[in-house]
Amino acid sequence: MMSSFSRVLLRPALWILLYGGMIGYGVYALVNIPVEVLPAFNFPAISVITHLPGTTATSMETLVATPLEGQLLGLPDVTQVRSAIGDGVVETDLRFRAGTDPNADLQAVNGAIDRVRASLPPAAQPLSEIMGNAINEVADYALQIPAGVPHEEVSRVVAATIVPALRAISGVQLVDSAGIGDAALWVQPDLNALRQAHIPVSALTAALAGQVSLAPGGYLTLGHQDSLIELHNLPTRIADLNATPVAGPNGPVTLGSLARIIHATLPTHQRELLDGQPSIALTIFKQQGASTLPVTQAIARRLAALRGQLPPGVRFIRIYDQGHLVHAVGTDLRRNLIIGGVLAIAMMLFVLGARSGAWLLALSIPVSLLLGIAGLYAAGQSLNLMTLGAITVALGLVADDAIIVLESVCHRWEAGDAPAAGVLRGLRDIAAPDIIGTLTTILVFVPLLFTGGLAGLFFIPFALGMVFSLLASLLVSLTLIPLGLSLVRHGGAIPQPSRRSEQLLAALRRHNRRLFNFVLRHPRWAIGGCFLLLLLSLAAMSLVSVNILPLPNEGVLLESFTLPPGTALLDTQAAVNSIVTRINTNPAVAHSLARIGSAAGSNYTEPAYAGEIEILLKPGAGANSLDAIAAQILAASQTPSVQLGVDTPTVERLGESLSGLPQPFEIQLYGAKFAEMATLADAITSRLDKVSGLSGVFNNDGYPETQINVQPRPAALAAAGLTPAQLSHELAALLAGQVVARVPDGNIALPVYLRLPDPAAFSLDDLAALPVGSESGTPLGQLASISLVTSPNQFHHIDGARAFDILATPTTAPGSAIAAAKRALASLKLPPDCRIAFGGLYPMLERAVLGLGIASLAAVILMAGVLVLRFGGRHAPGLLMMQIPLAMTGGALALAASGLGLNGIGLVGFLTLAGVSLNHGIVLLDRAQQNENAGLAPAQAMEEALNVRFRPIFLTTVVAVLGMLPTALGFGAGAAPEQGLAIVIAGGIVWSALLSTNLIPALYIRYRGK
């Protein structure tokens, strides 16, 4: 069998063809794989956002939420339909059964929207997207508009030229423009002129709508040519509209005598303010799967080319560019990988000598990583923080397999074997432990491949990166390394390590031998000391800060703000301008772009009393003090009654992407009457405040906002010849505004808009005096009663039922917090039509952790089974499995000593240690067992194994640490997210090496007979 294997192994042409094909595909994958900040969000969840500005939350329920949910609840595989209903906006989130295709789910949702569209108000246009699209927001630009430049001129250029040009870029999915409304012809009725002419507002609407005509009229054959007939009347000039006849009781009257017509922009209940001045903001989303950096670079080039299209003095200001972050992460990590690889190879050459074949590592490491990237590309993954983290860890680990094979062959050469025979016998000696060590490491990541939900988003890409890289390294170590060594076998004398490296290794062996002898004499002290260190490391970890995702300096900070519900837009704008003025005094700040409220048709849902401020930092500002700048900005922004928070844009977009998921801890109060529900919500909140296991109890639903109720008087309306619907239409035209017609003007449509100049400034008396109706122009107060009422600012629908959400953060185990909350609410008496349910993310996380725990237990059983099959009995497998928890000590102490926080990526590092920690012990105990099988006593067998395996254990440890050293030291801002991961792995590997060469062999000898 060995001879047949050697014949295959030593056929260079075969392996050159095989590796040539794999490397070629790897290069193709490297060039084409998307580069992102975070993994793709492919939740089986769809978000539908519907804007209807000027509509109360209760009216949004009737007009939008109820009919929309009626269709969505009937879709197959839907597990929950949840709507957040607020003033002017409804966000409906649908969660589908796990395992469904999000794209197919999106198509099903769009079909339901098409079926219900006829039942929705014409202005309500639902926008559906796969949950997680917010992370695809890759660029934000703002237009700096000097004083004196007409806003409608800028708006027209943006709509006609800029937005279409950006949408045409390959990889761009969506371009939103907001801040200044579309250019329009604004018709402002003169109420006195209408009253004197006895002409109702409805006559203006009818006259304007009848003036716009563009329709085909057939064709005539003139000679030898068909000439099309087209009837069109497209008034785009004010003079044309002024001459429009309006029917009146005494004959037609020109529109110009009844209204003022101006070129203007459509009024919006939303603001985009660049350094406190009105602006147009462009928000650009990339397509799912498109690579961020090429898209953002193409956007920058296109805008630079279009600058000449803007009015004089107007220029683009780049506020946010996700490509900057992608470039920083990719560049810094690639540089660190190269430095780490060079350090690792240099150490190998120093220890084994240049003629030993150590130069093969210069080939095996990049080949393994390239094949790992090829696997990621084939699996549909991208290069992101998680997969790049896996590659960073893999840089040190993929060398392990190659090192032990190379060292095993070198040991055979040094023992006197012929070059070719040494290659084959060295490979035979090490193949089994090499395969077992790699498989046990891979088994750690197998459970992660089956995690779903939020954990799966981050763990699955990392697990795939590790599995592909480790499998590639195993393949390279068993084929490419021995093949390369066989090609250098004609070298005359057997290569020898350098004298300096031999002296270094001899000194390290002596020191390790003293420690080993101490452990052998005092095994109980050693075990007790190791477990004491484990407890100390856990205590140290309790002092480590925790955050979800650390990000390098993006050059941008994002500050969110919320004023009390119902705050007027003008008051919000004044407060925000005051905040921006203070922010801009910071010497690190270049520009500030404030977004107040949400533009209709966008995927933002903030009300007019909330929004965010994107703060662009000057180049180089905050490179090492981003937290300090954020604290300064937050301190400068403090304003009474304004809630503030500062984060990075990517973390904020991550939160927006996950907004369809449940909150951490949630009590859902179901009912039918808002007043009754509000009273109960206050009582529930008061009781939960006293629960020791909960903090941050928060209830923002049902906050009473003042609304103006216009209730028609049937008799008065009938006497005036009006119906309630006609009265509603007139009020909508005068106060809310109405686009009466759209006139084609170039490649855009010019709206003809009808509304009073500034009805928002009306008092209640002005509203009551508003003339409406037909010829007489009766004051509104005579036709309807006008009163102030309260209405909830927002509430929820859960599967169609009204609900309030009461949120909190558990400070104990979620199950204990829920039990304590139930005890606190046990004596609360609920009306018959009200009920309480417990929901939130924590119960889902408990189920996910339980599933992950079961899968991890299965992985541990598989690992133990593999070890038992290899070593037999329980002694060696038991020692190796004991090493798993002990190895965590090194990672925990290293992280605590570094001063860094624990994050999601660092947490994956501890999981990685569970598999990595076994490699050294497997190699050592396998050699010891071979020696025992050859007739040596356990002590002699272990002594020989320590002498032979000390060098590969030392080399793999040093190479792994050197490979991750640049990232662990935080070289480059882009390495910041992976720094904790590298520190955990490096600390764990060093501690694992000490355990493998001291505690494990000592216990093996001590208790071998038992």
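Provided above is the structure to which this section pertains.
Since the structure is predicted, the reported quantities are computational estimates derived from the model, not experimental observations. (Residues numbered from 1 in each chain as written. Predicted model: local features only at pLDDT ≥ 70, side-chain atom pairs only at ≥ 80, totals over all residues. Heavy atoms only, no water.)

With respect to the overall build of the protein
Across its full length, the protein carries 31 helices and 31 strands. The dimensions of the protein, computed from C-alpha atoms along their principal axes, are 120 × 85 × 55 Å. Expressed as a percentage of its 1010 residues, the buried residues of the protein come to 53%. Counting contacts in the protein only where the partners sit at least 6 residues apart, residues at least 24 apart contribute 80% of the total. Of the accessible surface of the protein, which amounts to about 42100 Å², a share of 60% is contributed by carbon and sulfur atoms. For the protein, the separation between the mean place of its 58 positive charges and that of its 64 negative charges on side chains is 15 Å. (Helix = DSSP H or I, 4+ residues; strand = E, 2+ residues; numbered from the N terminus. Buried < 20%, exposed > 50% of the residue type's maximum accessible area, 1.4 Å probe, protein only. Contact = heavy atoms within 4.5 Å. Areas by Shrake-Rupley, 256 points an atom, 1.4 Å probe, with all protein chains shown as cover. Lys, Arg positive; Asp, Glu negative; His and termini not counted. Charge placed at Lys NZ, Arg CZ, Asp CG, Glu CD.)

Focus on helix α3 (residues 57-72)
Within α3, the axis deviates most sharply at A65, by approximately 35°, and proline P67 lies no more than four positions further along. What α3 keeps buried is the set A57, M60, E61, V64, A65, L68, E69 and L72. (Bend = angle between axes of the 7 residues up to and from the residue.)

Things to note about the packing of helix α27 (residues 875-898) against helix α31 (residues 976-1006)
The contact between α27 and α31 brings their axes to 7 Å, and the two run at 140°. With respect to their mutual orientation, α27 and α31 come out oblique. For the crossing formed where α27 meets α31, the hand is right-handed. Across the contact of α27 with α31, the residue classes tally to 15 nonpolar, 11 polar and no charged. (Axes fitted to C-alpha atoms, helices over the stretch in contact; angles between N-to-C directions. Parallel < 35°, antiparallel > 145°, perpendicular 65-115°, else oblique. Left-handed = near helix turned anticlockwise from the far one by under 90°. Nonpolar A, V, L, I, M, F, W, Y, C, P; charged D, E, K, R; others polar.)

Looking at the sheet that holds strand β6 (residues 172-178)
Read across the open sheet, the four strands follow the order β6-β15-β5-β16; overall the sheet is antiparallel. The sheet is open, and its two edges are formed by β6 and β16 (315-321), each paired on a single side. The sheet shows a mean angle of 20° between the axes of neighbouring strands, direction not considered. The sheet contact formed by strand β5 (residues 137-144) and β16 spans six bridges and is antiparallel. The residue bridging D140 from the neighbouring strand is Y320, located in β16. On the sheet, helix α10 (residues 322-352) packs against β5 and β16 and is oriented at approximately 45° with respect to β16. (Pairing = 2+ DSSP bridges.)

Some thoughts on a nonpolar patch on the surface
On the surface, a nonpolar cluster with roughly 380 Å² of combined accessible area is contributed by I339, L343, L965, L969 and F971. Structurally, the position occupied by L343 is in helix α10. On the basis of relative accessibility, which here comes to 34%, the residue L343 falls in the partly exposed class. (Patch = residues over 30% accessible without salt bridge, like charges linked within 9 Å, V, L, I, M, F, W, Y side chains within 5 Å. Salt bridge = Lys/Arg side-chain N within 4 Å of Asp/Glu carboxyl O.)

Side note on the nonpolar core
Formed by 129 residues in total, the largest nonpolar core has its most connected members in F445, F910 and M942. With 19 residues, helix α12 (residues 385-414) is the single largest residue contributor to this core. In this structure F910 touches M541, M888, G891, A892, L895, L902 and V984, once residues within four positions along its chain are discounted. By size, the runner-up hydrophobic cluster in this structure holds 46 residues, among which are I46, I667, M677 and L688. (Core = buried A, V, L, I, M, F, W, Y, C linked by side-chain atoms within 4.5 Å.)

Examining the pattern of salt bridges
Counted under the stated rule, the structure contains 15 salt bridges. For E36, the salt bridge identified is with K286, shortest N-O distance 3.4 Å. On the criterion of sequence distance, the pair formed by E36 in the loop between α2 (12-32) and β1 (45-51) and K286 in strand β15 (residues 281-286) is long-range, its members being 250 residues apart. For the pair E36 and K286, a shared accessibility class is recorded, and that class is buried. The structure contains a network of salt bridges with shared partners spanning R82, E666 and D805.

With respect to the packing of aromatic side chains
Applying the stated criterion to the full structure yields seven aromatic pairs. The interplanar angle of 70° and the centroid separation of 5.6 Å between the aromatic rings of W186 and Y753 together place this pair among those described as edge-to-face. Of this pair, W186 sits in strand β7 (residues 183-189) while Y753 sits in strand β25 (residues 748-754); the two residues are 567 residues apart in sequence, bridging distant segments of the chain. Consider the rings of F674 and F795, whose centres lie 4.6 Å apart with planes at 55°: the pair is tilted. Placement of the pair is F674 in helix α20 (residues 674-688) and F795 in strand β29 (residues 794-798), with a sequence separation of 121 residues. For F674, a relative accessible area of 16% translates into the label buried. On the basis of relative accessible area, F795 is assigned to the buried category, the value being 1%. An aromatic cluster of at least three residues, connected via ring pairs, comprises Y25, Y28 and Y377. Over the face of the ring belonging to F795 we find R802, whose NZ or CZ atom lies 5.8 Å from the ring centre. Its end group placed over the ring of Y670, R835 keeps NZ or CZ at 3.8 Å from the ring centre. (Phe/Tyr/Trp six-rings, centres within 6.5 Å; stacked < 30°, edge-to-face > 60°. Lys NZ or Arg CZ within 6 Å of the ring centre and 35° of its normal.)

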